Amino acid sequence: MKYIFVTGGVVSSLGKGLTAASLGALLEIRGLIVRIQKFDPYLNVDPGTMSPMQHGEVYVLEDGAETDLDLGHYERFTSGKLSRLNSLSSGQVYESVIQKERAGEYLGQTVQVIPHVTNEIKKRIYAGGTGADVLITEIGGTTGDIEGMPFLEAMRQFALELGPQDVVFIHVTLVPFLKAAGELKTKPTQQSVAKLREIGIQPDVLVCRTDHELDTDLRRKLSMFCNVPLSAVIECRDVDHSIYELPLALQKENLDQLVIDLLGLKNPRPRENIWEGIVQRILTPKYEVTIGVVGKYIELQDAYKSVYESITHAGIANNCKIIVRRIDAEDLEKRYGVAWLHGLDGILVPGGFGDRGTEGKIIAAKYAREKQVPYYGICLGLQIAVIEFARNVLKLKGANSLEFDPQPPHPVINLMEEQQGVTDKGATMRLGSYECAVTPGSLAHKSYGATTVR
């Protein structure tokens, strides 16, 4: 078993998750079984109750775990199915340690960050890689954040226990271009690496996020001051068209071969790279459609991240360019707002909570039904379709969901029995994959051709 740790420095949102996912994709096409996991230093137990304004979307795994959106990248770039073992927060760590202390499992010891918290983190590293050849762990946040220190200390201990032949540290950092000076600056990266080395971690690879080319002299400077080989200074610029170009960009920098060599693996690079075919389909599609996504967090890039990426994947599979028209549900409630829906080839209403924008979504569902535009309702989007049909076809005036109105004249969406009396907000919904019975003779049965679907 081999382990790769991906840390970040200077600023957040550098693309650690995409770097980890792309590396996983490159290792996977070499025949390795890869798993990727995310450790987040925040004290929330999971991101399920966090606002998309702050955190982007919550990505739900097959087992129902509510996780960071980066796990969506991991599953889209690699073929491994992830579970709640692949997502860890400081909140989970401290909750587990305190529960063990209350149960007397520490036998009267003074419970401390070292070794009890760090041991809990190391335990999850081992658990997350079951059945894999390589486990990639991304550490959220930025090196130097106080809440992230226990995770980095656990990484240091872990690497010491296993030895350098089984562990690689990759540091994703920023090399900014100062327009006034007309040059790239390496000092932020030097300081970030110095922070890591204070903790006892020496990065093996630098992935340098920059918008200008790193010339040989600058790479040599980074190599010398950060104590990494020249070949391990990797340039990572923004890709031109799609994030799915990133594996090819990192392969061009030889990142995959570098990691293979550091870990002592012998898996050769394949003759054909499937990512070349994927990128080719993105750049030269045969068809084109326009899909409207109607939501209430449309202005946020990451609020419906997995929805947008799923649409992109559908386009790749069908050799089709997808133009996504992002439509604010509240705009549809305004006079002439329905004009936003004109010319669409399909309408998608994603999940959400609360009644803000619901009337606009109902307008979208009505438009789709009357104009015969394909409609796809996910979670709340399905409720919207049911309410619209009840009101406008069945003529049930005031039909609504109990989620929006506790006493509607016609409650067409009810609260599930197991949700009755639930008051907590975190981890209380039925989420993930489950067995669903399909009524024989129904349209769903005709579509799926089965009496049960998952």
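Predicted, not measured: the structure shown is a model, and the values here were computed from it. (Residues numbered from 1 in each chain as written. Predicted model: local features only at pLDDT ≥ 70, side-chain atom pairs only at ≥ 80, totals over all residues. Heavy atoms only, no water.)

K.L.:
Hey, could you run me through the overall build of the protein chain in this one?
P.N.:
Counting its secondary structure elements, the protein chain contains 16 helices and 19 strands. Relative to the compact-globule value of 22 Å for 454 residues, the protein chain shows a C-alpha radius of gyration of 25 Å, a close match. With respect to the principal axes defined by its C-alpha atoms, the protein chain has extents near 75 × 60 × 45 Å. In the protein chain, which comprises 454 residues, the share counted as buried stands at 48%. When the accessible surface of the protein chain is split by element, carbon and sulfur atoms take 52% of a total near 23000 Å². Taking the 49 positively charged and 56 negatively charged side chains of the protein chain as two groups, their mean positions are separated by 3 Å. (Helix = DSSP H or I, 4+ residues; strand = E, 2+ residues; numbered from the N terminus. Rg over C-alpha atoms; globule rule 2.2 N^0.38 Å. Buried < 20%, exposed > 50% of the residue type's maximum accessible area, 1.4 Å probe, protein only. Areas by Shrake-Rupley, 256 points an atom, 1.4 Å probe, with all protein chains shown as cover. Lys, Arg positive; Asp, Glu negative; His and termini not counted. Charge placed at Lys NZ, Arg CZ, Asp CG, Glu CD.)

K.L.:
Mind showing me how you'd approach the sheet that holds strand β11 (residues 233-236) here?
P.N.:
By definition, the strands of a sheet pair up through backbone hydrogen bonds, in either a parallel or an antiparallel sense. Taken in spatial order, the 7 strands make up an open sheet running β5-β2-β6-β1-β7-β10-β11, and their pairing is parallel. A single partner strand is all that each edge strand has here, and the edge strands are β5 (87-89) and β11. The sheet shows a mean angle of 20° between the axes of neighbouring strands, direction not considered. As paired elements, strand β2 (residues 34-40) and strand β6 (residues 134-139) share 6 bridges and run parallel to each other. (Pairing = 2+ DSSP bridges. Axes fitted to C-alpha atoms, helices over the stretch in contact; angles between N-to-C directions.)

K.L.:
Explain the pairing of strand β14 (residues 346-349) to me, please; I cannot follow it from the model alone.
P.N.:
Moving residue by residue along a regular strand, the side chains alternate between the two faces of the sheet. Taking every second residue as pointing to the same face, both faces of β14 are buried, with Gly-346 and Leu-348 on one and Ile-347 and Val-349 on the other. Pairing analysis gives 3 bridges linking β14 to strand β15 (residues 375-377), with the strands arranged parallel. Bridge pairing in β15 links Leu-348 to Tyr-376.

K.L.:
I tried to follow the environment of His-445 on my own but got confused; where do I start?
P.N.:
As for its placement among the helices and strands, His-445 is situated in helix α16 (residues 443-448). The partly exposed category is assigned to His-445, whose relative accessible area is 24%. The spatial distance from the C-alpha of His-445 to the C-alpha of Lys-100 is 48 Å, given a sequence separation of 345 residues. Setting aside residues up to four positions removed in sequence, His-445 forms contacts with Val-438, Thr-439, Pro-440, Ala-450 and Thr-451. (Contact = heavy atoms within 4.5 Å.)

K.L.:
Would you take a moment to explain helix α7 (residues 187-199) for this structure?
P.N.:
With 13 residues, α7 should reach 18 Å at 1.5 Å per residue; the first-to-last C-alpha distance of 19 Å fits that figure. For α7, every residue scored as buried is listed here: Thr-189, Gln-190, Ser-192, Val-193, Leu-196 and Ile-199. Looking at the buried side of α7, the elements it contacts are β1 (2-8), α6 (149-162), β7 (167-174), β10 (205-209) and α8 (216-226). Remark: Gly-200 follows α7 within two positions and exhibits a positive phi of approximately 110°. (Expected span 1.5 Å × (residues − 1).)

K.L.:
I'm lost on the pairing of β1 in this one. Help?
P.N.:
For β1, a buried count of 7 out of 7 residues is recorded, marking the element as mostly surrounded by other parts of the structure. Of the two faces of β1, the one holding Lys-2, Ile-4, Val-6 and Gly-8 and the one holding Tyr-3, Phe-5 and Thr-7 are both buried throughout. In this structure, β1 lies alongside β6, joined through 5 bridges in parallel fashion. Residue Val-6 lies in a different strand from β6, and its bridge partner there is Glu-138.

K.L.:
Help me understand the nonpolar core, please; the structure alone is not making it clear to me.
P.N.:
Grouped burial of nonpolar side chains is what soluble globular proteins tend to show. In terms of nonpolar packing, the biggest core is built from 42 residues, with Ile-4, Leu-23, Leu-27, Ile-136, Ile-170 and Val-205 touching the most fellow members. Looking at this core, the element that brings in the most residues is helix α1 (residues 16-28), giving 7 residues. With residues near it in sequence (within four places) discarded, Leu-23 still touches Ile-4, Ile-136, Ile-170, Leu-255, Asp-256 and Val-259. The next biggest cluster of nonpolar side chains, apart from the first, holds 24 residues, and it includes Tyr-3, Tyr-106, Met-155 and Leu-162. (Core = buried A, V, L, I, M, F, W, Y, C linked by side-chain atoms within 4.5 Å.)

K.L.:
Would you take a moment to explain the sheet that holds strand β12 (residues 287-295) for this structure?
P.N.:
The 4 strands are arranged β13-β12-β14-β15 in an open sheet whose pairing can be described as parallel. For this open sheet the edge positions go to β13 (320-328) and β15, each flanked by a neighbour on one side alone. When strand polarity is set aside, the average angle formed by the axes of neighbouring strands in this sheet is 20°. One ladder, built from 9 bridges, connects β12 with β13; its direction is parallel.

K.L.:
Is there a simple way to think about helix α3 (residues 70-77) in this case?
P.N.:
An α-helical segment advances 3.6 residues per turn. Residues three or four places apart therefore align on the same side. Summarising burial for α3: 8 of the 8 residues are buried, a large majority. Within the sequence span of α3, burial applies to Asp-70, Leu-71, Gly-72, His-73, Tyr-74, Glu-75, Arg-76 and Phe-77.

K.L.:
Sorry, what's going on with unusual backbone geometry here?
P.N.:
Among all residues except glycine, the phi angle is most often negative; among peptide bonds, the trans geometry is most common. Of the consecutive residues Ile-114 and Pro-115, the connecting peptide bond is found in the cis state with omega at 15°. In this fold, Pro-115 is placed in helix α5 (residues 113-128). The phi dihedral of Ser-13 is positive, around 60°, even though this residue is not glycine. Within the fold, Ser-13 resides in the loop between β1 and α1.

K.L.:
Got a minute to help me understand a nonpolar patch on the surface in this structure?
P.N.:
Nonpolar side chains collect at one region of the surface, where Leu-43, Tyr-94, Ile-98, Val-113 and Ile-114 lie side by side and expose about 460 Å² of accessible area between them. At the level of elements, α4 (90-102) and α5 are the ones that each hand at least two residues to the nonpolar patch. In this structure Ile-98 comes out as exposed when scored by relative accessible area, which is 51%. (Patch = residues over 30% accessible without salt bridge, like charges linked within 9 Å, V, L, I, M, F, W, Y side chains within 5 Å. Salt bridge = Lys/Arg side-chain N within 4 Å of Asp/Glu carboxyl O.)

K.L.:
Help me out: how do you make sense of the packing of aromatic side chains in this one?
P.N.:
Any pair of aromatic rings gets described here by the distance separating the centres and the angle formed by the planes. Per the counting criterion, the structure on display carries 11 aromatic pairs. Aromatic side chains Phe-5 and Phe-158 sit 5.7 Å apart centroid to centroid with 90° between the ring planes, which places their arrangement in the edge-to-face category. With a gap of 153 residues between them, Phe-5 in strand β1 and Phe-158 in helix α6 connect regions that are remote in the sequence. Summarising the burial analysis for this pair, Phe-5 and Phe-158 share the class buried. A ring pair is formed by Phe-39 and Phe-151, whose centres lie 5.8 Å apart and whose planes are at 45°; its orientation type is tilted. Of the two residues, Phe-39 sits in strand β2 while Phe-151 sits in helix α6, which places them 112 residues apart along the sequence. Grouped by ring-pair contacts, the aromatic residues Tyr-3, Phe-5, Tyr-126, Phe-158 and Phe-169 constitute a single cluster. Over the ring of Tyr-308 we find Arg-326, and its NZ or CZ is 4.3 Å from the ring centre. (Phe/Tyr/Trp six-rings, centres within 6.5 Å; stacked < 30°, edge-to-face > 60°. Lys NZ or Arg CZ within 6 Å of the ring centre and 35° of its normal.)

Geometric values such as these leave the question of function open.
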